[in-house]
Amino acid sequence: MDVDAYLERISYDGSREPSEGTLADLHRAHMLAVPFENLDIHLGVENVLDPEHVFDKIVTRRRGGWCYELNGLFALLLEALGFAVTRYSAAVVLSDPPSPDFAHLTLRVDLDRPWLADVGFGASFTRPLRLDDEGDQQRDGNTYRVTSGADWRMTLHENGHAQYAFALESRRMEEFAEMCALQQTSPGSHFVQAPMCSLATEDGRESLAGMRLITTTPAGRTERELANAEERTAVLRDVFGVDLGRARIRAL
């Protein structure tokens, strides 16, 4: 783990002490710098869990990634800085039926109290949530709750809507390999439906969904249809900092 290169990638020059403040600042810096994206699936490139490959993709080539890559690499950064990190598998419950377990990777970070950290769930909290507090927690104008249920499972809620559920059971990265492969090959996976890229901003979020650029700010939400693949490539470069070079997204 080249910590200096990683911190430069997320434009972070603050404290490296394993504290609540450092965790919150690293978490937000990561969300503001590294987009959530599934572009490799639409470039014909396999997403893998190998940390060297993921580091090269996100840090060296300044790309984004999805939960296994973003949270997987963020966990290694935190551990290199002295944080105690536990990896949890989660089922996404945004729709009915919910996804299988291991469809999402989220993180627990233990300091004086446990925290839920997650830089890989798209438009979500940019600073960690208290894992031992079932009350409302305000982040970026949204209300989050982490509630406990049956079988020691916890559920993350955003503005009253359940997002994902996870058991308090430590997992190894290799346990996510099957779902990592399935979600980029199964016709039923929403990741294979269209290219997406989403990045938090200081006052909202920019998102690419297929050929639509969606901008969200406190003033509201606007959408713009992109004219062609060339404009999409330019938007990825100029808005999200993702330079695909000569690679081309497969036509839908």
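About the thresholds
- Residues numbered from 1 in each chain as written.
- Predicted model: local features only at pLDDT ≥ 70, side-chain atom pairs only at ≥ 80, totals over all residues.
- Heavy atoms only, no water.
- Pairing = 2+ DSSP bridges.
- Helix = DSSP H or I, 4+ residues; strand = E, 2+ residues; numbered from the N terminus.
- Phe/Tyr/Trp six-rings, centres within 6.5 Å; stacked < 30°, edge-to-face > 60°.
- Buried < 20%, exposed > 50% of the residue type's maximum accessible area, 1.4 Å probe, protein only.
- 1 Å grid on protein atoms, 1.4 Å probe; cavity = no way out; pocket = protein on both sides within 12 Å on 5 of 7 lines; lining within 4 Å.
- Points joined across faces, edges and corners; volume = space filled by probe spheres on them.
- Nonpolar A, V, L, I, M, F, W, Y, C, P; charged D, E, K, R; others polar.
- Contact = heavy atoms within 4.5 Å.

(A) Looking closely at the pairing of strand β7 (residues 142-148). Note: strand β6 (residues 137-139) against β7, three bridges, orientation antiparallel. The residue bridging glutamine 137 from the neighbouring strand is tyrosine 144, located in β7. Between β6 and β7, which follow one another and run antiparallel, lie two residues, and aspartate 140 among them has a positive phi close to 55°. For β7 and strand β8 (residues 153-158), the ladder comprises five bridges, and the chain directions are antiparallel. By the bridge assignment for β8, valine 146 is matched with leucine 156.

(B) Quick look at the packing of aromatic side chains. This model, assessed by the stated rule, comprises ten aromatic pairs. Taking 4.9 Å as the distance between ring centres and 90° as the angle between the ring planes, the aromatic pair formed by tryptophan 66 and phenylalanine 191 counts as edge-to-face. Of this pair, tryptophan 66 sits in the loop between α3 (51-60) and α4 (67-80) while phenylalanine 191 sits in the loop between α5 (177-182) and β10 (196-201); the two residues are 125 residues apart in sequence, bridging distant segments of the chain. In terms of burial, tryptophan 66 and phenylalanine 191 fall into one category: buried. Between phenylalanine 102 and phenylalanine 176, the aromatic rings sit 5.1 Å apart at their centres with planes inclined by 75°, giving edge-to-face as the arrangement. Placement of phenylalanine 102 in the loop between β2 (84-92) and β3 (104-110) and of phenylalanine 176 in the loop between β9 (161-167) and α5 is noted, with a sequence separation of 74 residues between them. Each residue in the set Phe36, Trp66, Tyr68, Phe102, Phe176 and Phe191 is aromatic and connected to the rest through ring pairs, giving one cluster.

(C) Quick look at empty space enclosed by the protein. Enumeration over the complete set of coordinates arrives at one cavity of 30 Å³ or more. Contributing to the lining of the largest cavity are Met31, Val34, Phe36, Val119, Gly120, Phe121, Gly122, Ser198, Leu199, Ala200 and Arg205. Broken down by element, the residue count for the lining of the largest cavity peaks at three residues, all from β10. Along the lines of polarity and charge, the residues of the lining of the largest cavity split into seven nonpolar, three polar and one charged.

(D) Quick peek at the side chain of serine 124. You can see serine 124 is positioned in the loop between β4 (114-117) and β5 (129-130). For serine 124, a relative accessible area of 7% puts it in the buried group. Not counting the four nearest positions on each side in its chain, serine 124 is found in contact with Met31, Tyr144, Leu156 and Arg205.

(E) Quick look at the environment of valine 48. Mapped onto the secondary structure, valine 48 falls in the loop between β1 (36-37) and α3. Residues valine 48 and cysteine 180, spaced 132 residues apart in sequence, show a C-alpha to C-alpha distance of 7.5 Å. Once you skip the residues sitting within four places of it in the chain, valine 48 turns out to touch His53, Val54 and Glu69.

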